[in-house]
Amino acid sequence: MKNKLKIQIWSDIMCPFCYIGKRRIEEALSQFEHKEAVAIEWKSFELDASFIPSADDNLIEHLAEKYRKDIDWAQTMVDNMTQNAKEAGLDFHFEKAVLANSHNAHRLLHLAKKNDLANELEELFFKAYLTDGKDLNSLNTLSELGIAVGLQADAVAQVLHSNNYSEDVKQDIQEANAIGAQGVPFFVFDNKYAISGAQPTTAFLQTLEKVWQEGQFDSKVTLLNTSTDTSCDINGCD
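Everything in this summary refers to the structure shown in the same document. (Residues numbered from 1 in each chain as written. Predicted model: local features only at pLDDT ≥ 70, side-chain atom pairs only at ≥ 80, totals over all residues. Heavy atoms only, no water.)

**Some details on the packing of helix α1 (residues 16-30) against helix α9 (residues 201-214)**
To describe two helices that pack against each other, one gives the angle between their axes and the distance between the axes. Inclusion rule: As a rule, the C-alpha atoms of each element are fitted with a line to give its axis, helices using only the stretch in contact, and angles between N-to-C directions run from 0 to 180 degrees. The way it works is that DSSP assigns letters per residue, a run of H or I at least four long becomes a helix, a run of E at least two long becomes a strand, and they are numbered from the N terminus. Put simply, angles under 35 degrees are roughly parallel, angles over 145 are roughly antiparallel, angles from 65 to 115 are roughly perpendicular, and the rest are oblique. Take the far helix as the reference: if the near one is turned anticlockwise from it by less than a right angle, the crossing is left-handed, and if turned clockwise, right-handed. Whether two residues are in contact is decided by their heavy atoms, any of which lying within 4.5 Å being enough. Here the nonpolar group is Ala, Val, Leu, Ile, Met, Phe, Trp, Tyr, Cys and Pro; Asp, Glu, Lys and Arg are the charged ones; every other residue, Gly included, is treated as polar.
It is at 8 Å that the axes of α1 and α9 come closest, and there the two elements cross at 50°. The orientation of α1 with respect to α9, classified from their angle, is oblique. Of the two possible hands of crossing, α1 and α9 adopt the one that is right-handed. Each of R24, I25, E27, A28 and L29 in α1 lies in contact with α9, whose residues at this interface are T201, F204, L205 and L208. A per-class count over the contact of α1 with α9 returns six nonpolar, one polar and two charged.

Right, dumping it as structure tokens:
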């Protein structure tokens, strides 16, 4: 195989299953014999591009209203998600979560991608939102996180105080729609096979081995694994 085995991952930092999925693909790669020949490309997906954040936002109330359920139902869903995260080695604190519109974060991720720092910034964004309760609506917070992974302060400021990379975010979403991605995380292996949702580590490892053994790449995507309860879509997280 002359080219690297490429994995494209569509995600949104507002999606808890995306962080869990990140950990599971990382675990699969740690067990994959040819991991040094794998390249990951992060792609943007906005679960709620029209969301307007407010100081009065409350995650539990937001979920209850979104799904037209009661508060107890929303709390149970959050508790179950927290347990899923623990099983993946993550520590979610939804009680501190600040609801955000992720568009600016996605734009900054494209700058990070240009500088080969997308994976590092994805990690910091997920942790900031899902664990640390940081406000990702704040340009100051985004700037601090961008600089923390090694981006130049002036380049970060130029992106955050402009519309730079907005078209790149839009293009990623259009690509997701074109291949039938209805929610995230969504993983595409060398444009040949796809996995939808934060599937078990074994599913990722088996797909890695399958693609490597076949040694041929096809532009048509075949969905191997899908689930309605391990991903987030525009209607929320199941």
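Let us keep going from here.
**Examining the nonpolar core**
Inclusion rule: Only buried Ala, Val, Leu, Ile, Met, Phe, Trp, Tyr and Cys residues count toward a nonpolar core, and they belong to the same one when joined by side-chain atoms within 4.5 Å. Relative accessibility under 20% of the residue-type maximum defines a buried residue, over 50% an exposed one, and the middle range a partly exposed one, all with a 1.4 Å probe and only protein chains included.
Judged by nonpolar contacts, the single largest core of 77 residues is most densely connected at L108, F125, L136 and F189. Not counting residues up to four positions away in its chain, the partners in contact with L136 are I13, M14, A100, F125, A128, Y129, T141, L142 and L145.

**Some remarks on the sheet that holds strand β7 (residues 232-233)**
To keep it simple, the criterion reads: DSSP-based pairing: two strands are paired if at least 2 bridges between them are found.
The strand order β3-β7-β8 describes an open sheet built from three strands, whose pairing is antiparallel. Two strands bound the open sheet, and with one partner strand each, they are β3 (183-184) and β8 (236-237). Sheet topology note: the β7/β8 ladder contains two bridges and is antiparallel. Its bridge partner lying in β8, C232 is registered against C237.

**Some words on the environment of D172**
To be explicit about the condition: In the analysis that follows, any N or O atom pair within 3.5 Å is treated as a polar contact, provided that within protein one partner can donate a hydrogen and the other can accept it, and provided that, for residues neighboring in sequence, both atoms belong to side chains.
Structurally, D172 is set in helix α8 (residues 166-178). Using a relative accessible area of 4% as the deciding quantity, one classes D172 as buried. Placed 129 residues apart in sequence, D172 and K43 show a C-alpha to C-alpha distance of 5.8 Å. With residues near it in sequence (within four places) discarded, D172 still touches W10, K43, S44, H110 and K113. A polar atom in the side chain of D172 sits 2.9 Å from the backbone nitrogen of S44.

**With respect to the packing of aromatic side chains**
For clarity, the cut-off: What counts as a ring pair is set by centres within 6.5 Å for rings of Phe, Tyr and Trp (its six-membered ring), and what kind of pair is set by the plane angle: stacked under 30 degrees, edge-to-face over 60, tilted for all other angles.
Tallying each qualifying case throughout the model produces six aromatic pairs. Centroid distance F32 to W212: 6.2 Å. Interplanar angle 80°. Geometry classified as edge-to-face. In this pair, F32 is assigned in the loop between α1 and β2 (38-44) and W212 in helix α9, connecting sequence segments 180 residues apart. Chaining the aromatic ring pairs together yields one cluster made of Y19, F92, F94 and F126.

Read these as layout, nothing more, since geometry by itself doesn't imply function.
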